[in-house]
Amino acid sequence: MKAALFDVDGTILDSMPVWDEIGSSYLKSIGVKPDGRDDHEIITMSITDGCSYLISKYHIDTTVDEMLKGITDMVADKYRYEIPLKPNADKYLAKLRNEGVRMCAVTASERGYITDALTRLKVYDSFDFMLTCSEAGLDKNTPAIYHMARERLKADIADTVVFEDAFNAIAAAKAGGYRVCGVYDKSMDDYRDKILSQCDRYIRDYAELM
């Protein structure tokens, strides 16, 4: 392995509990009663796609950008002060850095609060750069964003490993020809069998890789 592409939420950060009810929490904050299915529907979407879904479903008079700001404001403090790393993620990132592996954080979340969390947890400098779905204009339902990150790292597909927790992202990376290490997150329990069928390696703790 010469390059590693890491998802952040649910893979590096133990942040998915914050997002498990983000759709319904936001709807309640603007006086809209959720129907109880929204959080499950949007969990595998990018944050911008999730906003589009809620706006369309509930006919909310707002833009994606306005909703995105409202949601990110709700969760920003959690990232800035509370969200922890996945077990031993910092040690594994340090190991790869010491071995000269080039790394990119590839995230469907927004740069600001991800940067705050990774900086607080002292792993931000492990990565050569961060690539966000919104900035790239791509989602994780196709391998395009992994190709973009890998090309910036100047690595071949055969030398690159993708680390992800979400089934749609794992499937997309595999479709792109990457080796994939799946990282356990409770939010993906319903997809566990499908995830296992796609992964080259599957871990619950980064200590398993050391």
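Everything here concerns the structure above.
### Let's talk about the side chain of Glu164
Move 1: The residue Glu164 is located in strand E4 (residues 160-164) in this model.
Move 2: In this structure the side chain of Glu164 is engaged in a polar contact, spanning 2.8 Å, whose partner is the side chain of Lys140.
Move 3: What Glu164 contacts, discounting residues up to four positions off in sequence, is Asp7, Thr11, Lys140, Tyr146, Ala169, Ile170, Cys181, Gly182 and Val183.

### Comments concerning empty space enclosed by the protein
Empty pockets left among the atoms are what a rolling probe the size of a water molecule brings to light.
Move 1: Across all of its chains, the model carries two cavities of 30 Å³ or more by this definition.
Move 2: Together, 28 residues line the largest cavity, and Met16, Ile42, Ile43, Met45 and Ala108 are the ones closest to its centre.
Move 3: Every element with two or more residues in the lining of the largest cavity is listed here: helix H1 (16-19), helix H4 (47-58) and helix H10 (167-175).
Move 4: No other element matches the five residues that H4 contributes to the lining of the largest cavity.
Move 5: Class assignment of the residues belonging to the lining of the largest cavity gives a composition of 14 nonpolar, seven polar and seven charged.
Move 6: When its volume is computed, the second largest cavity comes out at roughly 30 Å³.
Move 7: Tallied by class, residues from the lining of the second largest cavity come to five nonpolar, no polar and four charged.

### As for the packing of helix H2 (residues 22-29) against helix H5 (residues 64-81)
Move 1: Packing of H2 against H5 leaves a shortest axis separation of 11 Å and a crossing angle of 105°. The angle between the axes of H2 and H5 places the two elements in the roughly perpendicular class. Two secondary-structure elements touch here, H2 through Ile22, Ser25, Tyr26 and Ser29 and H5 through Met67, Gly70, Ile71, Met74 and Val75.
Move 2: Its residues assigned to classes, the contact of H2 with H5 comprises six nonpolar, three polar and no charged.

### Focus: the sheet that holds strand E5 (residues 179-183)
Move 1: Taken in spatial order, the six strands of this open sheet run E3-E2-E1-E4-E5-E6, and their pairing is parallel. Only two strands of the sheet have a single partner each, and these edge strands are strand E3 (129-132) and strand E6 (201-203). Sheet twist, expressed as the mean angle between neighbouring strand axes with direction ignored, is 20°.
Move 2: Contacting strand E2 (102-107) and E3, helix H7 (residues 111-120) crosses the sheet at an angle of about 145° to E3.

### Considerations on the pairing of E3
Move 1: Alternating positions in E3 separate into two faces, Phe129 and Leu131 on one and Met130 and Thr132 on the other, with burial throughout.
Move 2: Pairing analysis gives four bridges linking E2 to E3, with the strands arranged parallel. Bridging from a neighbouring strand, Cys104 pairs with Phe129 of E3.
Move 3: On the question of chirality, the crossover connecting E2 to the parallel E3 by way of H7 is right-handed.

### Details of the pairing of strand E1 (residues 3-6)
Move 1: Residues Ala3 and Leu5 line one face of E1 and the alternating positions Ala4 and Phe6 line the opposite face, and both faces are buried.
Move 2: Sheet topology note: the E1/E2 ladder contains four bridges and is parallel. Each bridged residue has a counterpart across the sheet, and for Phe6 the counterpart in E2 is Ala105.
Move 3: Across four bridges, the pairing between E1 and E4 is parallel. Each residue of the ladder has a partner; that of Ala3, found in E4, is Thr160.

### Structural notes on helix H9 (residues 144-152)
Move 1: Every buried residue of H9 is listed here: Ile145, Tyr146, Ala149 and Arg150. Buried residues of H9, viewed axially, fall in a sector of 135°; they line one side.
Move 2: On its buried face, H9 sits against E1, E2, E3, helix H8 (133-136), E4 and H10.
Move 3: Lys154 sits one or two positions beyond H9 and adopts a positive phi of about 60°.

### A look at the pattern of salt bridges
Move 1: Counted according to the given criterion, the structure contains 15 salt bridges.
Move 2: Among the salt bridges present, the one from Asp73 reaches Lys69, with a minimum N-O distance of 2.9 Å. With Asp73 and Lys69 both in helix H5, this residue pair falls four residues apart, about one helical turn.
Move 3: The salt bridge partner of Lys174 is Asp200, with a shortest N-O separation of 3.1 Å. Taken together, the positions of Lys174 in helix H10 and Asp200 in the loop between helix H11 (192-198) and E6 put the pair 26 residues apart, joining distant regions of the chain.
Move 4: A relative accessible area of 27% places Lys174 in the partly exposed class.
Move 5: One salt-bridge network, held together by shared partners, links Asp35, Arg37, Asp38 and Lys57.

Reading guide: rules and limits
- Residues numbered from 1 in each chain as written.
- Predicted model: local features only at pLDDT ≥ 70, side-chain atom pairs only at ≥ 80, totals over all residues.
- Heavy atoms only, no water.
- Helix = DSSP H or I, 4+ residues; strand = E, 2+ residues; numbered from the N terminus.
- Polar contact = N/O pair within 3.5 Å; in protein donor to acceptor, adjacent residues only side chain to side chain.
- Contact = heavy atoms within 4.5 Å.
- 1 Å grid on protein atoms, 1.4 Å probe; cavity = no way out; pocket = protein on both sides within 12 Å on 5 of 7 lines; lining within 4 Å.
- Points joined across faces, edges and corners; volume = space filled by probe spheres on them.
- Nonpolar A, V, L, I, M, F, W, Y, C, P; charged D, E, K, R; others polar.
- Axes fitted to C-alpha atoms, helices over the stretch in contact; angles between N-to-C directions.
- Parallel < 35°, antiparallel > 145°, perpendicular 65-115°, else oblique.
- Pairing = 2+ DSSP bridges.
- Buried < 20%, exposed > 50% of the residue type's maximum accessible area, 1.4 Å probe, protein only.
- Right-handed = clockwise from strand over helix to strand, strands pointing away.
- Arc of directions from axis to C-beta.
- Salt bridge = Lys/Arg side-chain N within 4 Å of Asp/Glu carboxyl O.

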